[in-house]
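Notes for the structure review
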Amino acid sequence: MDVSEIIIPGDTPGIEWRLPVIRFKGSDPAAPKVYIQAALHANELPGTALAHFFCGKLRQAESEGRIAGDITVVPQANPIGAAQSHFGELQGRFDLGSRTNFNRDFPLIAVGDRAELVDELDKCSAANRLKRQLIHMALGADLVLDLHCDDESLQYAYIDEAFWPEAADLATALDMEAVLLSDGESSAFEEAVGFAWKYEVPGERKAKLPGKLSVTVELRGRRDVYPDMAAKDAEGLLQFLIGRGVVGGRAAGDAAFSGPAVPLDNVEIIRAPEGGTVLFHRNIGEHVAEGDLLATIVTRPGFVEGDIDIRAPQDGLLLTRISDRLVRRRGDLMKIAADRPSKAARKAGTLED
Ligand SMILES: [Zn+2]
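These numbers come from a predicted model, not from an experiment. (Residues numbered from 1 in each chain as written. Predicted model: local features only at pLDDT ≥ 70, side-chain atom pairs only at ≥ 80, totals over all residues. Heavy atoms only, no water.)

Attention now moves to the nonpolar core. One finds F54, I71, L170 and F189 to be the most contacted residues of the largest nonpolar core, which totals 74 residues. Residue contributions to this core peak at seven residues, all from helix 3 (residues 126–138). Setting aside residues up to four positions removed in sequence, F54 forms contacts with I36, I71, V73, A234, L237, L238 and L241. I270, A272, F280 and I297 belong to the second-largest nonpolar core, a separate cluster that totals 17 residues. (Core = buried A, V, L, I, M, F, W, Y, C linked by side-chain atoms within 4.5 Å. Buried < 20%, exposed > 50% of the residue type's maximum accessible area, 1.4 Å probe, protein only. Helix = DSSP H or I, 4+ residues; strand = E, 2+ residues; numbered from the N terminus. Contact = heavy atoms within 4.5 Å.)

Once that is clear, we can look at the coordination of the zinc ion. Bound to the zinc ion on the protein side are H41 (ND1), E44 (OE), E44 (OE) and H148 (ND1), at distances that span 2.1 to 2.6 Å. Around the zinc ion, the four donor atoms sit at angles spanning 54 to 144 degrees, and that spread fits a shape best called irregular. The sequence pattern formed by the donor residues of the zinc ion is H-x2-E-x103-H. A residue pair is termed long-range when its members are at least 10 positions apart, and H41 in the loop between strand 3 (34–38) and helix 1 (46–63) and H148 in strand 9 (residues 143–150) qualify at 107 residues. Assigned by exposure class, H41 and H148 land together as buried. (Donors = N, O, S within 2.8 Å, 3.2 Å for Na, K, Ca; no water. Tetrahedral: all angles 85-135°; square planar, octahedral: opposite > 155°, others 65-115°.)

Each pair of aromatic rings is reported with the distance of its centres and the angle of its planes. With the rule as written, the count across this model stands at six aromatic pairs. Each ring, one from F106 and one from F189, has its centre 5.2 Å from the other, and the planes form 75 degrees; the classification is edge-to-face. Note that F106 is positioned in the loop between strand 8 (100–101) and helix 3 and F189 in helix 5 (residues 189–198), a separation of 83 residues in sequence. For F106, a relative accessible area of 2% gives the class buried. Centroid distance F195 to Y199: 4.5 Å. Interplanar angle 35 degrees. Geometry classified as tilted. For Y199, a relative accessible area of 25% translates into the label partly exposed. Taken together, the ring pairs in this structure connect Y35, F106 and F189 into an aromatic cluster. K131 extends its terminal NZ or CZ atom over the ring of F106, reaching a point 5.8 Å from the ring centre. (Phe/Tyr/Trp six-rings, centres within 6.5 Å; stacked < 30°, edge-to-face > 60°. Lys NZ or Arg CZ within 6 Å of the ring centre and 35° of its normal.)

Next up, the structure:
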């Protein structure tokens, strides 16, 4: 195990960020190389907890000479976001200085141009410098996992169709309850990595990328940070790497992924037509039928005439729910992985800003 630090000078005098990078050297140059980062959205810690236990497992594997492929782990990828507090509340999703989502605006380049990412870093803001160095590390790997979480949520992942169904082994190993098949059209970290591989040859787009993987894993909800859960997820991740030949050992089993894998067009985002107090009738993990009562929005407390019932537009699995109980007009309430495409229009790219 080798530990180094990426040092990022702040945009104002007297500030500098230090980002620990943990590396395990593989013994087989032909084995896949792995890059794993957590908490790019700095207030999403389930992945950091996973990485904590995962590094322990890797140290054990290393002492037994079982690391075949190079593995890089960045357990807390966003020290800039982690330090942003606004009136006592951590703001880990958007850079307060530029209003940019920390998981957007990654450079879309061909993998052959990787070296250019770290040229002239002095010309970049601290946040962009961080982004360039993260994606530069990722593009040196074959298997890239970006560990996030949702608000209240089951465990699921965004996986580009270019990696599916090959990536079903990851979904099985991590016990995911659903997979959302994305179309790879955004500047999110995972999709920028996929972009670099797809357009390796300028002007030619590869539809499938066998042996590669770039994925955003949503490790349940923001508060799902517990020792048993993180240790189980770390073991799942280790099993995935054993299955892919990155770590030596016997895989625990080869059960097939049984959860739904649906395109993003099949995700129903349930929104509040008006602002108010949210009374949820249904919880994540439940299967709902078309017309089922999901939530009531109390728009005028004390007057039932103001209540608005929100019903399921079609059958599906209730994947996520907001944790706030005051919602604004048009605010997201839930995500449902549904059987058929949603009637609501969706622009290509990520589901949320
Ligand atoms: Zn996130």
